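Residue-level structural notes
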Amino acid sequence: MKKKRTQILTLVTTLSSKLVHLLLRIMGRNAESLPGGVALKLYPGILEHLASGMYCVCVTGTNGKTTTVQVLSRILREYFGDALMENTVGANISQSIAFGFIRNTDALGRMKRRYAVIECDEAYMPVVCETIKPKIVVFTNLSKDQTHRFSSLEFVYDRVKRGLMAACNPILCANADDEYAAKLAGEYEGPTFLFGKKRSSDNGVCLSWDGEVVNQTANGFSYSLFLAGEGKIDAESKISGTHNVFNIMAALCVCKAMGLPISGCVSHLKKISPVNGRMSVFHLKGLPMIVSLVKNNISFKVMADYVMSLDYDTAIVLLQAAKDQDDRDTGWISETDLVSLKSFSHLKRVFITGDTAEIWAGHFLDNGFDPSTVSISQDVSSIVICLEKLRLPAIWLPCYSEYLRFKKHFEDRQ
């Protein structure tokens, strides 16, 4: 009788959630959270029920979650096909994770997949891990932008640690070059796989990288990884930006933990394209344009380093705001280091738009940038016209809210 009630409740919950999602799509909204929230109200145990018996991988950390999930999902699909459930849209709170499982059920509310790769916001780690019991937890890093949401990095670290403990002895794949990820790996008594930069002594590091790349273009680069006990493995990636090597190593560590052949997994990397808004590439009348989300001075520094690795003239387009989806505290802008960028001769123009444009422009000018090279624009269209006129490639750096405006602009142009 109890089993029958659970089946009926699951059916009603999954159908209701899918209906809410359909209505939102008809209204032109691509919501993931509300349908999952409705499901959790109707049946608080729906996520635990659907995840029961599945092999789940949970990815968390300040930076790199979505790209790591994207890379890992594409590799695992080569091995598990349609048995894999993946989340490549960046939905990472309890409600959206719940709907991620629901959308992978059949008409009777039964789960159609056996494996799942989940992105999880650090704050939700305890409840999500206790619910889905992941077999593997990936910890990319913690950076100080978390303090605008929480009291301290130690608080966030504690949330991640509690999640790991709630998962019941999973395998931990952690970034050996991040202070907090390395700390957690050192404190954890369960199985651990580490990844990071190659050292003279790589004790405990499963997968490492010497920092060298070749043939870097907007469409990717080549490099070598070093697998403990097996030696060098040559790799080629279509996702540009050397910071993404860490996300790739995180994904490959999971593959190693699952017993998959690393050489085979590496061979699939060349087929994986960037996820939208994370080093994705488009062309504007033949000019290469790269788009990457920037939400704090850590992600800005990563992109500044990428810009300075280019060997051709380029522009930066900052689309930055302080809306609900973003960090409303704009203090990080004045903390952003622009000294190295100022001396980079290939950076010809800086275009800025969004409601923090005046703050950004002031920061560039305070750091000695030529006023004639820094422009504030009211909309994306005027920036596009200027880039086309100057025949300049560009690196577009939107925050979350401005990325949606940017995306709509180019969709409307097509």
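Here is a short report on the structure shown in this document. Within any chain, residue numbers begin from 1 and follow the written order of that chain's sequence. Side-chain atom pairs in this predicted model are given and counted only at pLDDT of 80 or more, local residue features only at pLDDT of at least 70, and totals for whole chains, interfaces and linings cover all residues. Water and hydrogen atoms play no part in the side-chain values, which are based on all heavy atoms of the structure.

A few words now on a nonpolar patch on the surface. Where nonpolar side chains cluster on the molecular surface, the patch consists of Leu19, Leu22, Leu23 and Ile26 and spans about 400 Å² of accessible area. Secondary structure elements follow DSSP: runs of H or I of four or more residues count as helices, runs of E of two or more count as strands, with numbering from the N terminus. With respect to the element layout, Leu19 can be found in helix α1 (residues 2-26). Overall, the relative accessible area of 46% leaves Leu19 in the partly exposed class. What makes a patch is a set of residues exposed beyond 30% relative accessible area and free of salt bridges, joined within 9 Å when like-charged and within 5 Å when nonpolar (Val, Leu, Ile, Met, Phe, Trp, Tyr). Where accessible areas are quoted, they stem from the Shrake-Rupley method and a 1.4 Å probe; at the residue level, only the protein chains shown are allowed to cover. Counted as salt bridges are all cases of a side-chain nitrogen of Lys or Arg within 4 Å of a carboxyl oxygen of Asp or Glu. Accessibility here uses a 1.4 Å probe with only protein chains present; expressed as a share of the type maximum, an area under 20% marks a residue as buried, one over 50% as exposed, and anything in between as partly exposed.

Further remarks concern helix α6 (residues 125-132). Extensive coverage of α6 is indicated by the burial of six of its eight residues. Regarding α6, the residues found buried are Met125, Pro126, Val128, Cys129, Thr131 and Ile132. As for α6, its buried residues are in contact with α3 (46-51), β1 (55-60), α5 (94-102), β3 (115-119), β4 (136-139) and α7 (153-166). Immediately downstream of α6, the backbone of Lys133 shows phi near 50 degrees, a positive value. By the convention used here, residues are in contact when the closest approach between their heavy atoms is within 4.5 Å.

Where helices are involved, their axes are fitted lines through C-alpha atoms of the stretch in contact, as for all axes, and angles between N-to-C directions lie from 0 to 180°. Two numbers describe how α6 lies on α7: the axes approach to 7 Å, and their chain directions differ by 10 degrees. By the angle between their axes, α6 is roughly parallel relative to α7. Residues Met125, Pro126, Cys129 and Glu130 of α6 pack against Arg159, Val160, Arg162, Gly163 and Ala166 of α7. These descriptions rest on fixed angle ranges, namely under 35 degrees for roughly parallel, over 145 for roughly antiparallel, 65 to 115 for roughly perpendicular, and the rest for oblique.

Now for the pairing of strand β7 (residues 205-217). Pairing geometry for strand β6 (residues 192-197) and β7, over four bridges, is parallel. In the sheet register, Gly196 faces β7, and the bridge partner there is Ser208. Pairing between two strands requires that DSSP report at least two bridges joining them. The pairing of β7 with strand β8 (residues 220-227) spans six bridges and is antiparallel. From the neighbouring strand, Val214 faces β8, where its bridge partner is Ser222. If you look at the hairpin formed by β7 and β8, you'll find two residues sitting between the two strands.

For the rest of this paragraph, the subject is the sheet that holds strand β12 (residues 314-319). Pairing is mixed across the open sheet formed by six strands, whose spatial order is β10-β11-β15-β12-β13-β14. Sheet topology places β10 (278-284) and β14 (374-376) at the edges, where each strand pairs with a single neighbour. Averaged over all adjacent pairs, the angle separating strand axes in this sheet is 20 degrees, with direction ignored. Of the strand pairs in this sheet, β12 and strand β13 (residues 347-353) are connected by six bridges, and their pairing is parallel. Considered in β13, the bridge of Ile316 is made with Val350.

The sheet built from nine strands is open, its strands ordered β2-β3-β1-β4-β5-β6-β7-β8-β9 with mixed pairing. Strand pairing shows two members of the sheet lacking a second neighbour, β2 (84-86) and β9 (231-237), which therefore form its edges. Across the sheet, the axes of successive neighbouring strands diverge by a mean angle of 20 degrees, strand direction being ignored. Here α6 sits on the sheet in contact with β1, β3 and β4, set at roughly 170 degrees to β1. Helix-sheet contacts for helix α8 (residues 179-187) involve β4, β5 (171-175) and β6, and the interaxial angle to β5 is about 150 degrees.

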